[in-house]
Structures are given as C-alpha cells and as structure tokens.
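In case you want the letters, here they are:
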Amino acid sequence: MVLVLLLLSVYQANAQKEGNTNKPWGITFSGFVNAQAFYDTRQIVEARAGMVSLFPKKAEYDREGNDINSRSGFNQAAMTSRLRGTISGPQALGAKTLGVIEVDFTGSSNADNNGLRLREAWVKLQWEHFGLLIGQYWHPLYAPEVGPKTMGLNLGAPFHPFARHNQIRLSYKFKEIELIAVAASQRDYASTGPIGRSPDYLRNAVLPNLDLQIQWKGASHILGAGIDYKMIQPRLSVNFPTEGEYKTDEKVSSIALTAFTRIDLEHVLLKGQVIWGQNLTEFIMLGGYVEQNIDSANHKITYDPTSQLSMWFDASTKGQIIKFGILLGYAQNLGYSD
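As the structure is a computational prediction, the values presented were derived from the model and not from experiment. Position numbers for residues start from 1 in each chain and track the written sequence from start to end. Side-chain atom pairs in this predicted model are given and counted only at pLDDT of 80 or more, local residue features only at pLDDT of at least 70, and totals for whole chains, interfaces and linings cover all residues. Here the side-chain values reflect all heavy atoms present in the structure, with hydrogen atoms and water set aside.

K.L.:
Which parts of the structure should I look at to understand the overall build of the chain?
P.N.:
Looking only at helices and strands, one finds two helices and 22 strands in the chain. Residues classed as buried in the chain amount to 38% of the 338 residues present. By the convention used here, residues are in contact when the closest approach between their heavy atoms is within 4.5 Å. For the chain, long-range pairs separated by at least 24 residues make up 58% of all intrachain contacts whose partners lie at least 6 apart in sequence. In the structure as shown, the chain presents an accessible area of about 18900 Å², 58% of it carried by carbon and sulfur atoms. Think of it this way: any DSSP run of H or I at least four residues long counts as a helix, any run of E at least two long counts as a strand, and we number them from the N terminus. A 1.4 Å probe rolled over the protein chains alone gives each residue an accessible area, and that area as a share of the maximum for its type sets the label: buried under 20%, exposed over 50%, partly exposed in between. Accessibility throughout is a Shrake-Rupley quantity obtained with a 1.4 Å probe, and a residue counts as covered only by protein chains that appear here.

Next comes the structure, spelled out in structure tokens:
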C-alpha cells in the first residue's frame, strides 16, 4: 500500500508538471469487518477454518461400527474482513484509467488462516468501445454480476466456479453486447497434480488458459455464454521403476463450456449457470485427470481428463429489512472419454 501511495505521489507530480491538475485522481478506500459464528451438525469438507463449507464428509466407521464423522462442530472467524483501494487517474492513451487493490485475511491456504491475502490487483484502460485489464481478477467462468448470493464464503462451490487468476483481459462493447477475451495464469487457485496444487503445471505448458465469452446486458437482465481452453503439463520427467527416469512433454488438454443469466425483476432477483467442463479442480469443482496409459517400453505416459456437468439456480428477494434467498445446485461426474 505504501508503494501505491508513492506511485500516486509521483503521478501527481507529473500531472502538475504537465498541467493536468484539473483532472481527478487519487485513491478511495472501502471495505468491511465480517465476524461470523457457525455450527455444523456433521464434520465437513471445508477450507479456511470452515468458512468455505463444501459438503458433509462421508461416513467413516470405527471397529464398533460408529460413524467417526457424525460429530458436530462450532467455530468463529473474522478473517474475511476486507480492505479495498480504488485508484483513479487522468486519461492515458485516450482512455480512462482505473486501478484496484483488494486484500483480506484468509491467507492462501488453510495453513495460512488469518494471513494477509491479495484478492484483486489490476489496472484497467477503458476507451469508448475497448477495454484492457491487466492483473489479478476473477476468472471469466465466474461472472461477478451473476454470482450466487450466499451467507457463507463458498459462493456456491462446488457447483459454481470460484477462482481469481492473473490475466490479460481485452473487451469490446457495442451497445448491449460485450465480447471478452482472456489469457490467464494460475496462482492461488491452481490445478492439481503429482506435487499437489501448483501453478507450475500451467506454467510449464507455456500456453496461458484461454477464454472467450459473449455477454448481452439489457437494462436489468444479463445473458452470457463462453468457451474455455486449458493445457497443463503434470510432469517434466517420468520415473519408470525398472527403466529409470525419462524426460516427457505429455500434456493434458481440457475445455469448458458455460451459459449464465441474471433476471432482475421488481421484487425478485434470479440467477443461474450451467457448466460442462473438464479438469476443473482449480475452481473448487469436481474434476481432475487420470494416468491413462503408462508405456514403459517407449517411455511415455498419457493422460485423460475427467468431465463434469454442473448447474445452479439462485433466487433472492429485494426486501429493505429482511431478504430471503435459496441456492439450488447439482453436479455430476461424467467420467473419462476413454
């Protein structure tokens, strides 16, 4: 944050030198304190000290047939308290400029609960029709305007994709239609592989995660669809027990298709999304891949991604004092292609 303020000071000096002092610029802070207490009737699969609740753990029995996971739990946390800085500046290259830095205290993993975490950090240039965003922001499969409204931190996972990626995002808007193209890299939300969760698999494949999306935004409604392509390289080498270690270039390619909508009525807000995709583990969803063929004679290993279908529907009222809402989700593991 100190670096940002220093940069703004330099920006102010340059603006004064160039006679741009009449143009607004600066940083505006916002945020909230979020303290929660929650009780679960059963042990759950979770993250961040239970604030990201996914689903109940399956039954696991002891020697006497007692379900070990049939045990309640209670916890409190305030780690999702958030601070956001919105930076505005004079025009650059004929475009309006905007920057955002947002942090909370959920850390990058369960081992870092209460640690300072970077949520968003991006700069955007906005022309009349074109927009260019560079930095860490929501992955395109997550459309912020169409996200579920939940009390918990999970935001609909594992039915709804949840991830922020470093990216270069180019958009073109004409009237009510917006086209979005993204080239993204992984960081905190990463694919799973032989060494666990790591952004190295996507980085070693060289090609960024590519996404193309189209959105129609009416006066109060949104309709969108998109296609996503990702390629990762799980290993740089394979160690065959009797043959030794050999270099490999084998990769895992996967695609995802999505369609989503937001319908803003007088008293009710409706949202929904459908996703068919492969290897979606970085989005806190079902997925992954299998070692399909291990050929020790030719020193090769091939992979096959798993596919899944996921859909969710969210409805909430617009009361000024009390609001009611419900989120329904469905996910199915569709298995492997071969």
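K.L.:
When you look at the packing of aromatic side chains in this model, what are you seeing that I'm missing?
P.N.:
Within a pair of aromatic rings, the relevant descriptors are the distance that separates the centres and the angle that separates the planes. Aromatic rings from Phe, Tyr and Trp, taking only the six-membered ring of Trp, are treated as a pair when their centres fall within 6.5 Å; an angle between ring planes under 30 degrees marks them as stacked, one over 60 as edge-to-face, and anything in between as tilted. Tallied over the full model, the rule gives eight aromatic pairs. Geometrically, the ring pair formed by W138 and Y142 is stacked, given 4.0 Å between the ring centres and 15° between the ring planes. For W138, a relative accessible area of 6% puts it in the buried group. Here Y142 and F162 contribute two aromatic rings whose centre-to-centre distance is 6.4 Å and whose plane-to-plane angle is 90°, an arrangement assigned as edge-to-face. Placement of the pair is Y142 in the loop between β9 (130–138) and β10 (164–174) and F162 in the loop between β9 and β10, with a sequence separation of 20 residues. Judged by relative accessible area, Y142 falls into the buried class, the value being 8%. F162 sits in the buried class, given a relative accessible area of 6%. Among the aromatic residues, those joined into a ring-pair cluster are W138, Y142, F162 and Y189. Only lysine NZ and arginine CZ atoms are considered, and such an atom sits over a ring when it is within 6 Å of the ring centre and within 35 degrees of the ring normal. Sitting over the ring of W138, R164 keeps its end group 4.6 Å from the ring centre.

K.L.:
Mind showing me how you'd approach the pattern of salt bridges here?
P.N.:
Salt bridges, as used here, are contacts in which a Lys or Arg side-chain nitrogen is within 4 Å of a carboxyl oxygen on Asp or Glu. For the structure on display, the rule yields 14 salt bridges. Notably, a salt bridge pairs R84 with E120, separated by 3.7 Å at the nearest N-O pair. Of the two residues, R84 is situated in strand β6 (residues 82–92) and E120 in strand β8 (residues 117–126); the sequence distance between them amounts to 36 residues. Assessed through its relative accessible area of 23%, R84 is described here as partly exposed. In this structure, the salt-bridge partner of E291 is R235, at a minimum N-O distance of 2.7 Å. Of this pair, E291 sits in strand β20 (residues 289–295) while R235 sits in the loop between β15 (221–232) and β16 (237–240), and the two are 56 residues apart along the sequence. Here E291 falls in the partly exposed class, since its relative accessible area comes to 37%. Salt bridges sharing partners connect three or more residues here, namely R84, E102, D104, R117, R119 and E120.

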